[in-house]
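Observations on the three-dimensional arrangement
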Amino acid sequence: MMSDCYVVLIVDDNDHNRFTLRTLLDRVPECRVLEAASGQEALAITIDQAVDLILLDVRMPVMDGFETARHLKMLERTREIPILFLTAVFRTEEFIRHGYELGAVDYLTKPIDNHLLLNRIRLYLRLFDRERKLARAVKELQEKDAALRQINRELESRVIERTRELEKRNAELLEAKGEAERYSQAKTNFLASMSHEIRTPMNVVLGLAEMLRETDLTPRQHEYVRIMHTSGKALLGVIDDILDFARIEEGRIVLNPTSCSIEKLVAETTDMMRIAAGSKGLEVALEVAGVMPATLLCDENRLRQVLLNLLGNALKFTQRGRIDVRLAWAPQEGSALLLSVRDTGIGIAPEQQGCIFDQFVQADAGITRQFGGTGLGLTISRCLVEMMGGRIWVESRPGEGSAFHFTLPFREAPGASSAPPAPPAASATVRQAGPLRILLAEDVEENRILIAAYLEKSGHGLVMVPDGAQAVERVMAERFDVVLMDIQMPVQDGYSATRRIRQWERDSGTPPVPIIALSAHAMEGEETRSREAGCDLYLSKPVGKKTLLAAMQRVRALHEVGG
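The present account deals with the structure reproduced in this document.

Conventions we followed
Residues numbered from 1 in each chain as written. Predicted model: local features only at pLDDT ≥ 70, side-chain atom pairs only at ≥ 80, totals over all residues. Heavy atoms only, no water. Phe/Tyr/Trp six-rings, centres within 6.5 Å; stacked < 30°, edge-to-face > 60°. Helix = DSSP H or I, 4+ residues; strand = E, 2+ residues; numbered from the N terminus. Buried < 20%, exposed > 50% of the residue type's maximum accessible area, 1.4 Å probe, protein only. Lys NZ or Arg CZ within 6 Å of the ring centre and 35° of its normal. Core = buried A, V, L, I, M, F, W, Y, C linked by side-chain atoms within 4.5 Å. Contact = heavy atoms within 4.5 Å. Salt bridge = Lys/Arg side-chain N within 4 Å of Asp/Glu carboxyl O. Pairing = 2+ DSSP bridges. Axes fitted to C-alpha atoms, helices over the stretch in contact; angles between N-to-C directions. Disulfide = S-S within 2.5 Å. 1 Å grid on protein atoms, 1.4 Å probe; cavity = no way out; pocket = protein on both sides within 12 Å on 5 of 7 lines; lining within 4 Å. Points joined across faces, edges and corners; volume = space filled by probe spheres on them. Right-handed = clockwise from strand over helix to strand, strands pointing away. Patch = residues over 30% accessible without salt bridge, like charges linked within 9 Å, V, L, I, M, F, W, Y side chains within 5 Å. Areas by Shrake-Rupley, 256 points an atom, 1.4 Å probe, with all protein chains shown as cover. Lys, Arg positive; Asp, Glu negative; His and termini not counted. Charge placed at Lys NZ, Arg CZ, Asp CG, Glu CD. Polar contact = N/O pair within 3.5 Å; in protein donor to acceptor, adjacent residues only side chain to side chain. Left-handed = near helix turned anticlockwise from the far one by under 90°. Nonpolar A, V, L, I, M, F, W, Y, C, P; charged D, E, K, R; others polar.

A complete count under the given rule lists 3 aromatic pairs for this structure. Aromatic pair Phe66 and Phe85: ring centres 5.3 Å apart, planes at 90°, arrangement edge-to-face. Taken together, the positions of Phe66 in helix H3 (residues 65–74) and Phe85 in strand S4 (residues 83–87) put the pair 19 residues apart, joining distant regions of the chain. On the basis of relative accessible area, Phe66 is assigned to the buried category, the value being 9%. Assessed through its relative accessible area of 0%, Phe85 is described here as buried. Between Phe357 and Phe404, the ring centres sit 6.1 Å apart and the planes meet at 85°, which makes this aromatic pair edge-to-face. Of this pair, Phe357 sits in the loop between helix H9 (350–353) and helix H10 (365–371) while Phe404 sits in strand S12 (residues 401–409), and the two are 47 residues apart along the sequence. Take Phe357: its relative accessible area is 9%, and that puts it in the buried class. For the cation-ring pair, Arg391 lies above Trp393, with the distance from its terminal atom to the ring centre recorded as 3.9 Å.

Before going further, it helps to examine the nonpolar core. Of all hydrophobic cores here, the largest spans 39 residues; its most connected members are Ile262, Val266, Leu310, Ile323 and Phe406. Going through the elements one at a time, helix H7 (262–279), strand S8 (296–298), helix H8 (300–316), strand S9 (322–329), strand S10 (336–343), helix H11 (377–387), strand S11 (392–397) and S12 are the ones with two or more residues in this core. The element contributing the most residues to this core is H8, with 8 residues. Setting aside its immediate chain neighbours within four residues, Phe406 contacts Leu303, Val306, Leu310, Leu337, Leu338, Leu339, Val385, Arg391, Ile392 and Trp393. Counting 24 residues, the second-largest nonpolar core is a separate cluster that includes Leu9, Ile45, Phe66 and Ile81.

Right, let's get into the pattern of salt bridges. Per the counting criterion, the structure on display carries 21 salt bridges. Residues Arg70 and Glu67 are paired through a salt bridge, measuring 2.5 Å at the closest nitrogen-oxygen approach. Of this pair, Arg70 and Glu67 both sit in helix H3, separated by 3 residues, roughly a single helical turn. Lys541 is paired through a salt bridge with Glu442; the nearest N and O atoms lie 2.8 Å apart. Taken as a pair, Lys541 in the loop between strand S17 (537–540) and helix H17 (545–562) and Glu442 in the loop between strand S13 (437–441) and helix H13 (445–455) lie far apart in primary sequence, 99 residues in all. Side by side, Lys541 and Glu442 carry an identical accessibility label, which is buried. Salt bridges here are not isolated pairs; linked through shared partners, they connect Asp15, Arg18, Arg22 and Glu35.

Read from one edge of the open sheet, 5 strands run S2-S1-S3-S4-S5, paired in parallel fashion. Of all strands in the sheet, those bounded by a partner on one side alone are strand S2 (31–36) and strand S5 (104–109). Shown here is a sheet whose adjacent strand axes are inclined to one another by a mean of 20°, direction ignored. Where strand S3 (residues 53–57) and S4 come together, 4 bridges link them in parallel fashion. When the bridges of S4 are listed, Leu56 appears paired with Phe85. Each of strand S1 (6–11), S2 and S3 is contacted by helix H2 (residues 39–48), which is oriented at about 135° to S2, the strand it contacts most.

Let's shift gears to the state of the cysteines. Per the stated rule, a full pass over the model turns up 0 disulfides. Cysteine Cys5 is unpaired, with the sulfur of Cys31 as its nearest cysteine sulfur at 7.5 Å. Assessed through its relative accessible area of 45%, Cys5 is described here as partly exposed.

Attention now goes to the sheet that holds S17. Two modes of strand pairing occur in sheets, parallel and antiparallel, and in both the strands are linked by backbone hydrogen bonds. Spatially, 5 strands are ordered S14-S13-S15-S16-S17 in an open sheet, and the strand pairing comes out parallel. Unpaired on one side and paired on the other, strand S14 (461–465) and S17 mark the two borders of the sheet. The average angle at which neighbouring strand axes cross in this sheet is 20°, direction not considered. Sheet topology note: the S13/strand S15 (residues 482–486) ladder contains 4 bridges and is parallel. Paired with Ala441 across the bridge in S15 is Met485.

All told, the structure shown has 1 cavity of 30 Å³ or more when counted by the stated rule. By volume, the largest cavity is sized at about 40 Å³. In terms of lining residues, the largest cavity is bounded by Asn203, Glu442, Asn447, Ile451, Leu518, Lys541 and Val543.

Right, let's get into the pairing of S4. Within S4, 5 of the 5 residues are buried, which leaves the element mostly enclosed by the surrounding structure. Burial of the side chains of S4 extends over both faces: Ile83, Phe85 and Thr87 are buried on one face and Leu84 and Leu86 on the other. For the segment spanning S3, H3 and S4, crossover handedness is right-handed.

On the surface, Arg213, Lys233, Lys264 and Lys546 cluster together into a patch of positive charge. Take Lys264: it is sitting in helix H7. The exposure class of Lys264 is exposed, given its relative accessible area of 54%.

Turning next to the side chain of Gln353. Within the secondary structure, Gln353 sits in helix H9. One polar contact links the side chain of Gln353 to the main-chain carbonyl oxygen of Ser396, over a distance of 3.0 Å. Gln353 has contacts with Ile348, Val394 and Ser396, leaving out every residue within four places of it along the chain.

This part covers the packing of H8 against H11. Between H8 and H11, whose axes approach to 9 Å, the crossing angle comes to 145°. Judged by the sense of rotation from one axis to the other, the crossing of H8 with H11 is left-handed. The residues of H11 that touch H8, namely those facing Arg302, Gln305, Val306, Asn309, Leu310 and Asn313, are Gly377, Leu378, Ile380, Ser381, Leu384 and Val385. Its residues assigned to classes, the contact of H8 with H11 shows 6 nonpolar, 5 polar and 1 charged.

On their own, these measurements won't tell you what the molecule is for.
What follows is the structure in structure tokens.
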């Protein structure tokens, strides 16, 4: 509902045309209509009073519409008035371009469709109404802000007069506190941003490593690619944990327990370090003492990150000798597993062992200069181990090496039934349906190349668009079997695009297309947000080829059964 009266000026040398337009505008009660029979008269009216919109005929004697518009744009008072050209002349591209250069916001060709003209005018008036309301709101805010600033200045003046000595004593303390808070906030923002920015290219690195494994390679090359892929996955875990360190400082962090094989996890993590250790002439050995459970419930990424921290420290501080990893039961700890990493490195002095797990602390000030590191690894490890219900400690002697131990309470993993497979009939339906027609909405070119490589030999057809708005347009114009929707995109993000598609499907009675959300944000709540937006499935980058193909078949099968 528009709240103001708006002035519309009709400029036309034909009395009948002006009468027709004025009669039409009578349907818009918010308008006050002015008329001019020539360009000269129009200029005089706009100089004399404010005008919000001009309906300007192009063909007029003496001064045509183009010349009138040129004069209007020369004056500061009138240059911002929107002009809607009305013309019966054949509109060539050069004709239209010339009008827009003179400030036209639109063209309408005579005879004018009444509904079209009214819709255009109402659109512009709504825009004017919003601008005026915004201008008034801004002015009110500015006035209130100025008043508040004046009050603040008066209060500050009184406070300064009464507390000058106190402020002098506390100035340095307050400045230091503010600087620390700004640094902490900047660090948190930086970590969150870097988490997303690193995961995006890592999606491409891991995906292409996966594709490389499908090519003809020598056994040694296959092993290198496998280790590269495993190391990349571990790096993602480290990235997530560094982001979690900011949450640790804020007192909030969430574990994600899943079913995993402890022996496989420890073996893979140990294998990652063997090549780096071999380059230093070090031997890395793994011992599994006793029969380990096939699976247990734990946060696999967190556990791998703790073990990588301990192995990385052992490798960093050991110049000769060996590194031993041991997995065993810890009967003295109840039903718990014990993981140990022992090295023959420089060792830690007894007086330093008590604070070695504190943040930004290393055993000796010279260690940072000689070996590098931030001193955060053991702090993160201690926090994560304690959150998993275990404890961590060190045994060491200077010059003889160190042994880091941590316990992991045994929790039996639930059965495989926790993730029910898709019904066989649905899977058969998908296979019989033949190749899928897939729409990928992804703004990063490298990720588009990766998905295309995944699907190259699948027989599926792939259409790619760089933003959510174009994805909506393609879904409305064509039929797709699956949509892969990246979440963070320019123009329109994936969640907004998904909501628009679902609304269009409901309004038009179109069967819903399966939509899979793809995101480089590994943050809590993202999967819930994707479901609320209307996505059928959420996949966190990096996404492997098998995972992606299986996910597409799964959501396709669910829609086949539901439809």
